[in-house]
Amino acid sequence: MKILLNGAETALITLNKEETDAGVFVTPTLFSETKITVDTVEFVFDVPKINALAFNNGFCTNDFVSVAPLDEEFMSRDIVMVKGDDGMLSVGTVTAERFLTRYFTSREKCVFRIELENREYSGKVLLEKFVYSRTKTGGEFFSAYCDLLKMEYDIKLPEKIDTGWSSWSYYYRNITEEECRKQEKLLRENYPWADLIQIDDGWQTGDTFSSCWKENGETFKNLEKPFGSSRLGLWMSPTLAQDDSDMFLNHNELIQKENGKNVRSCAGNVIQVDGDGSAYPLDIGQEKVRELIAQSVKDVKEKYNCNYFKLDFLVRSLIRQSVKNDVAVHYEKDTNVKLYRDLMRLIREKAGKDTFLMACGAPITESAGVFDSIRYSPDITWCMRKHVGFWTILKKDIQNIFLRSYYHGKVFICDPDALIVRGHKSFENDDFLPDLEEARVWASAVALSGGTVLINEDISALEEDRKALVAQVMQPIGIAAEPEDFFEQPYCAHVCISLGKKRIKGVFNLDETEKDEVIKNDIPVFAFDCWSKEYLGSFPGDIEIKNMPAHSCRVILLVEQSETGFIASKDNLFMGIEKENITSGWFNDGKNIFTK
């Protein structure tokens with residue numbers, strides 16, 4: 001490993017190293033007796049070169065991840081892994097307290113960069129901690145890496161996994177209070193255990209980045225009134241201001257400046273041109289701005305009795321929207337990550353420990369220890385004139401859910417995005433129109449994520465066969481399915497949940513043609529189809545699936561044949577894998593399988 005300061009080798013960096021289950025845990029320190037200006041500190045690793053595959057974690061929560069041949073340089077964040085015939089390399093960022101970090105990985109090297117923003121430093125400067133390994137990669141490294149994050153930030157997550165209804169991927173900004181109350185009633189009638197109503201963008205005064213977090217008064221007039229017995233969750237984008245907002249026009253001194261000028265951060269859900277929804281970061285370097293943002297969350301909580309927040313577009317306080325997402329936001333007062341951390345911790349303090357915080361469009365490691373949950377993928381529906389198509393989005397989002405599964409239950413609760421299964425066009429023309437089997441594929445991925453299940457539908461308009469899909473997955477068990485082969489190509493198609501003597505195997509054919517599949521198994525098991533509730537038989541080894549259709553999946557429960565008593569239920573997709581006592585289903589007397 002080579003160490004560079006401002007691009008040149010240096011002796012000013014010392015490393016404290018500790019062996020952990022993940023690999024070598026490094027605490028780097030910069031020390032200079034005199035003031036020096038530092039832009040970057042870089043740690044350069046050699047990478048495997050023969051048939052190398054690389055894991056790209058993107059740059060934020062809502063970015064596609066991938067495992068692909070290492071053909072060209074890519075920029076990513078948080079964690080990177082490269083596996084080749086000639087070795088392995090895995091590196092992960094364990095802290096994000098002061099400096100923005102990135103990875104630049106090419107066929108020649110992997111550069112872990114810490115950005116010190118061209119500021120002056122002297123004395124002892126603690127840099128961000130990281131871990132690396134030359135022996136562990138894939139799920140083994142990712143899991144151990146998340147253990148380090150959990151320990152570093154003393155993370156304790158809520159035990160309850162939320163289920164309920166959300167407005168975005170059906171109504172988008174055309175949501176009304178009347179419709180929300182109608183859906184709450186339908187939710188309770190159909191899924192009485194679900195208890196969250198999460199209202200997305202559109203409830204507030206003004207547009208997406210209005211910075212005015214009050215009900216809009218036209219389509220929402222009585223938001224303070226309880227939503228039956230359901231909890232209320234609200235969406236906010238509290239760190240940005242739109243160029244036609246009161247905040248931008250009349251309080252521009254609170255907007256972040258570079259060389260005295262406003263510089264756009266992103267354009268949100270509209271065309272990316274100035275004057276048409278462009279958003280600018282608030283200057284979180286100002287204490288009064290941080291107080292203003294955090295207080296706005298507290299005020300919404302208290303006024304509307306809201307204990308669930310979906311906070312969006314947070315990464316745009318660190319990195320501006322650009323083709324490569326490589327333009328950092330810099331503040332006069334301090335480094336961007338330090339100010340982001342200060343703000344997020346203040347939001348947590350104002351919101352209270354009893355409030356659930358979900359980060360969307362957010363930096364990942366910088367949000368650890370503050371947020372209960374993060375979005376694992378881009379939106380499952382894109383309401384745009386042109387995009388890659390719903391099936392491409394769906395299969396890429398499935399890849400995100402499974403490759404990032406190791407965060408779940410340790411660092412964050414997974415938010416896989418909307419449970420949508422409809423066989424008709426939504427309120428907006430969003431291109432999401434799956435056939436029944438494609439809808440089952442997405443429902444399976446949401447369920448196997450182990451995370452939040454929020455249906456984004458007009459429940460009254462759902463077709464009967466689609467309602468049956470929803471009923472199967474609306475009671476999450478909180479356990480994430482993990483890849484059986486992290487570097488599987490061309491996508492992650494085989495995943496597994498293991499719990500005692502039971503396993504649930506998910507097999508996905510996301511291709512355009514049918515193919516034969518194999519469920520790997522090395523012990524005698526009873527097998528059940530989790531969707532059809534069919535007993536498939538007794539198998540001493542692998543289970544073959546012939547002619548698996550394109551755009552389909554199979555979810556199979558495997559139970560060791562040593563298990564006696566009730567071994568599987570018919571209640572939902574998970575078939576009682578998480579339960580010791582099952583009241584109805586299949587009974588094993590040691591010789592036969594009986595249905596009860």
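Small disclaimer: the values here were computed from a predicted structure and weren't measured.

Considerations on the pattern of salt bridges
For step 1, the next point in the chain: The final tally for this structure, using the stated rule, is 42 salt bridges.
For step 2, the next point in the chain: We note a salt bridge from E517 to K515, for which the minimum N-O separation is 3.5 Å.
For step 3, the next point in the chain: Since its relative accessible area comes to 8%, E517 is described here as buried.
For step 4, the next point in the chain: We classify K515 as partly exposed; its relative accessible area is 24%.
For step 5, the next point in the chain: Three or more residues are tied together by salt bridges with common partners; here these are K160, D162, D195 and R231.

A short note on the layout of surface pockets
Empty space among the atoms becomes visible once a probe the size of a water molecule is rolled across them.
For step 1, the next point in the chain: By volume, the second largest pocket is sized at about 500 Å³.
For step 2, the next point in the chain: Lining the second largest pocket are 22 residues, and of these K156, R348, K353, V370 and D372 sit closest to its centre.
For step 3, the next point in the chain: For the lining of the second largest pocket, the leading source of residues is helix α6 (residues 336–351), giving 3 residues.
For step 4, the next point in the chain: Class assignment of the residues belonging to the lining of the second largest pocket gives a composition of 8 nonpolar, 3 polar and 11 charged.

Details of the sheet that holds strand β36 (residues 585–588)
For step 1, the next point in the chain: If you trace the 3 strands from one edge of the open sheet to the other, you get β35-β36-β37, paired in antiparallel fashion. Both edges of this open sheet fall to β35 (565–569) and β37 (593–595), since each of them pairs with a single strand only. Averaged over all neighbouring strand pairs, the angle between strand axes comes to 30 degrees, with direction disregarded.

A few points about the packing of aromatic side chains
For step 1, the next point in the chain: What the rule picks out here adds up to 37 aromatic pairs.
For step 2, the next point in the chain: Measuring from centroid to centroid gives 5.9 Å for F55 and F142, while their planes differ by 55 degrees, and the two rings are tilted. Note that F55 is positioned in strand β5 (residues 53–56) and F142 in helix α1 (residues 139–152), a separation of 87 residues in sequence.
For step 3, the next point in the chain: The buried category is assigned to F55, whose relative accessible area is 0%.
For step 4, the next point in the chain: With relative accessibility at 0%, the residue F142 sits in the buried group.

What to know about the packing of helix α8 (residues 436–448) against helix α9 (residues 464–473)
For step 1, the next point in the chain: One way to put it is that α8 packs onto α9 with a least axis distance of 10 Å and a crossing angle of 15 degrees. Here α9 runs roughly parallel to α8, going by the angle between their axes. At the point where α8 passes α9, the crossing takes the right-handed sense. Taking contact as the criterion, the partners of L436, A439, R440, A443 and A447 in α8 are, on α9, D465, R466, L469 and V473.
For step 2, the next point in the chain: For the contact of α8 with α9, the per-class residue count stands at 6 nonpolar, no polar and 3 charged.

Rules used throughout
Residues numbered from 1 in each chain as written. Predicted model: local features only at pLDDT ≥ 70, side-chain atom pairs only at ≥ 80, totals over all residues. Heavy atoms only, no water. Salt bridge = Lys/Arg side-chain N within 4 Å of Asp/Glu carboxyl O. Buried < 20%, exposed > 50% of the residue type's maximum accessible area, 1.4 Å probe, protein only. 1 Å grid on protein atoms, 1.4 Å probe; cavity = no way out; pocket = protein on both sides within 12 Å on 5 of 7 lines; lining within 4 Å. Points joined across faces, edges and corners; volume = space filled by probe spheres on them. Helix = DSSP H or I, 4+ residues; strand = E, 2+ residues; numbered from the N terminus. Nonpolar A, V, L, I, M, F, W, Y, C, P; charged D, E, K, R; others polar. Pairing = 2+ DSSP bridges. Axes fitted to C-alpha atoms, helices over the stretch in contact; angles between N-to-C directions. Phe/Tyr/Trp six-rings, centres within 6.5 Å; stacked < 30°, edge-to-face > 60°. Parallel < 35°, antiparallel > 145°, perpendicular 65-115°, else oblique. Left-handed = near helix turned anticlockwise from the far one by under 90°. Contact = heavy atoms within 4.5 Å.

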